[in-house]
Amino acid sequence: MKKTILAIVTISSLIFTGCSLSDDDNIGNGNTGGEVTSQNLAGNLTTDLTLRSGVAHNLIGTLLVKSGSTLTIEAGTTINALAGGTDVYILVERGGKIIADGTASNPIKFTSNATVPKPGDWGGIIINGNAPLSRQSGTDSNAATEVNNGIFFGGSNATDDSGILDYVIIEYSGARIDDEAEHNGLTLNGVGTGTTISNIAIFYGDDDAIEFFGGTVNTENILVVNAKDDMFDFSQGYAGTCTNLYGIRENGYTAVTSDPRGIEADGNLDGNSPSDINESNFTVNGVTIINNADGVEMSDGIKVRRDATATITNAYLALGAGAIFGDVIDLQDSKTDSTDGTSITAVANTANGLDITDVKNTTSGGATINITSGASGGADKSVFTWTGYSF
């Protein structure tokens, strides 16, 4: 996975300009050697490339979009990822861009090429930006990408622009390397506010659906269905605003990690740097978290911990028959709690045994938690009609 190749050339319906092959062409990363076909994507993208709709593009290994290069994906395009696990993913490096600008009638889809696809078939999409992270001191920040520690993210440009993801579906991703490192559906590493992340659907992921490692990017209209681990994960100094998030675990979907959650938020990376400055301080406006999986426990509906500060308004939580939240809202942790500046306003549906008193405030009790009983609220699910998902 750490080697790089380039397997991108063109046919009449695949436009590209000047992508040169590297010396490592056809080595590693899921590309087994031999002639590279025009629709097989892997390697170092060093100049601009446009993928046209109507062509079954194949992601066969690690595709690195290098600094100064832009990967543009036309509305209506499908990218079929080789079911090759951790070696198959797209990573946009600092200074690179992805323009995946779909429409409601012609979304862009990233999916597995397996005959019977399953969560973890491939590694998903990673975007690395130059926006700030939590750190010990100074104005600049730098961190290694979890799944490829030779590639870094973070910086001092809060308005950094890594491109556009709009009307995009990501399926069957989240391949796991080991217990400490794994891919998500969409990973946003130090991504800045100049980047557009909106109208995203993430289905059947093996780890977190979407995870923010620092950065300032704002997101809107994110649908998560059947994430094995967390639906929405914030860490390492994330400081943006997320609007209209909807996460659901369906009845019959039993795959779980040791601690799946609706929202999981850390101030610094894994709570290991409690003396960091600029720890996570983010806002969520409108979020629905539903566990409908009979017999499956989600550790928490909302977990904010390790010096993170969250302002969450219009949250809605619900359980299906036989489903469980370990805690509905929990701001405590063995390392450090959430800050007392955290504020959560939520409605919870008390059907099927959900207990609205099952709330753990910070140890000092200084955070503001207002949870009431009700059967409505949270995200506006009507904006997800374009995905075809039946609620």
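Residues numbered from 1 in each chain as written. Predicted model: local features only at pLDDT ≥ 70, side-chain atom pairs only at ≥ 80, totals over all residues. Heavy atoms only, no water.

Some details on the overall build of the protein
From N to C terminus, the protein includes zero helices and 26 strands. Sorting the 391 residues of the protein into buried and exposed places 57% on the buried side. Contacts in the protein between residues far apart in sequence, at least 24 positions, make up 73% of those at least 6 positions apart. Of the accessible surface of the protein, which amounts to about 13700 Å², a share of 45% is contributed by carbon and sulfur atoms. (Helix = DSSP H or I, 4+ residues; strand = E, 2+ residues; numbered from the N terminus. Buried < 20%, exposed > 50% of the residue type's maximum accessible area, 1.4 Å probe, protein only. Contact = heavy atoms within 4.5 Å. Areas by Shrake-Rupley, 256 points an atom, 1.4 Å probe, with all protein chains shown as cover.)

Side note on the packing of aromatic side chains
Centre-to-centre distance and the angle between the planes together describe a pair of aromatic rings. According to the stated counting rule, one finds 13 aromatic pairs in the structure shown. Geometrically, the ring pair formed by Phe-110 and Trp-122 is stacked, given 6.5 Å between the ring centres and 25 degrees between the ring planes. Linking Phe-110 in strand E8 (residues 108-112) with Trp-122 in the loop between E8 and strand E9 (125-128), this pair joins segments that are twelve residues apart in sequence. Consider the rings of Phe-212 and Tyr-238, whose centres lie 4.5 Å apart with planes at 40 degrees: the pair is tilted. (Phe/Tyr/Trp six-rings, centres within 6.5 Å; stacked < 30°, edge-to-face > 60°.)

A few points about unusual backbone geometry
Positive phi values are uncommon outside glycine, yet Tyr-167 reaches one of about 55 degrees. Within the secondary structure, Tyr-167 sits in strand E12 (residues 163-171). Phi at Asn-278 is positive, roughly 55 degrees, even though this residue is not glycine. Note on placement: Asn-278 falls in the loop between strand E19 (261-266) and strand E20 (281-291).

A few points about the pairing of strand E23 (residues 324-330)
Counted residue by residue, E23 has five buried out of seven residues, so it is predominantly covered. Strand direction decides the pairing type here: E23 and strand E25 (residues 359-360), joined by two bridges, are parallel. Within E25, the residue paired with Ile-329 across the bridge is Val-359. (Pairing = 2+ DSSP bridges.)

Quick notes on the side chain of Ser-338
Positionally, Ser-338 belongs in the loop between E23 and strand E24 (343-348). In terms of polar contacts, Ser-338 uses its side chain to reach the backbone carbonyl oxygen of Ala-308, at 2.9 Å. At 2.5 Å, the side chain of Ser-338 forms a polar contact with the side chain of Thr-342. The residues touching Ser-338, leaving out its near neighbours within four places in the chain, are Val-304, Arg-305, Arg-306, Asp-307, Ala-308, Leu-331 and Thr-362. (Polar contact = N/O pair within 3.5 Å; in protein donor to acceptor, adjacent residues only side chain to side chain.)

Overview of the pattern of salt bridges
All told, the structure shown has 16 salt bridges when counted by the stated rule. Where Glu-264 meets Arg-305, a salt bridge forms, and the shortest distance between an N and an O atom there is 3.3 Å. One end of the pair, Glu-264, is in strand E19; the other, Arg-305, is in strand E21 (residues 297-305), with 41 residues separating them in the sequence. Linking Arg-305 and Asp-266 is a salt bridge whose minimum nitrogen-to-oxygen distance equals 2.6 Å. Highlighted residues: Arg-305 in strand E21 and Asp-266 in strand E19, separated in sequence by 39 residues. On the basis of relative accessible area, Arg-305 is assigned to the buried category, the value being 7%. Here Asp-266 falls in the buried class, since its relative accessible area comes to 2%. Among the ionic contacts, a cluster of salt bridges with common partners joins Asp-259, Arg-261, Glu-264, Asp-266, Asp-300, Arg-305, Arg-306 and Asp-333. (Salt bridge = Lys/Arg side-chain N within 4 Å of Asp/Glu carboxyl O.)

Quick word on the pairing of strand E14 (residues 196-205)
E14 sits mainly inside the fold: eight of its ten residues count as buried. Examined bridge by bridge, E14 and strand E16 (residues 219-227) share seven bridges and lie parallel to one another. Within the sheet, the bridge partner assigned to Ile-197 lies in E16 and is Thr-219.

Focus: the side chain of Ser-162
Along the chain, the position of Ser-162 falls in the loop between strand E11 (148-153) and E12. The residues touching Ser-162, leaving out its near neighbours within four places in the chain, are Gly-96, Lys-97, Ile-98, Ile-127, Asn-128, Gly-129, Val-191 and Thr-195.

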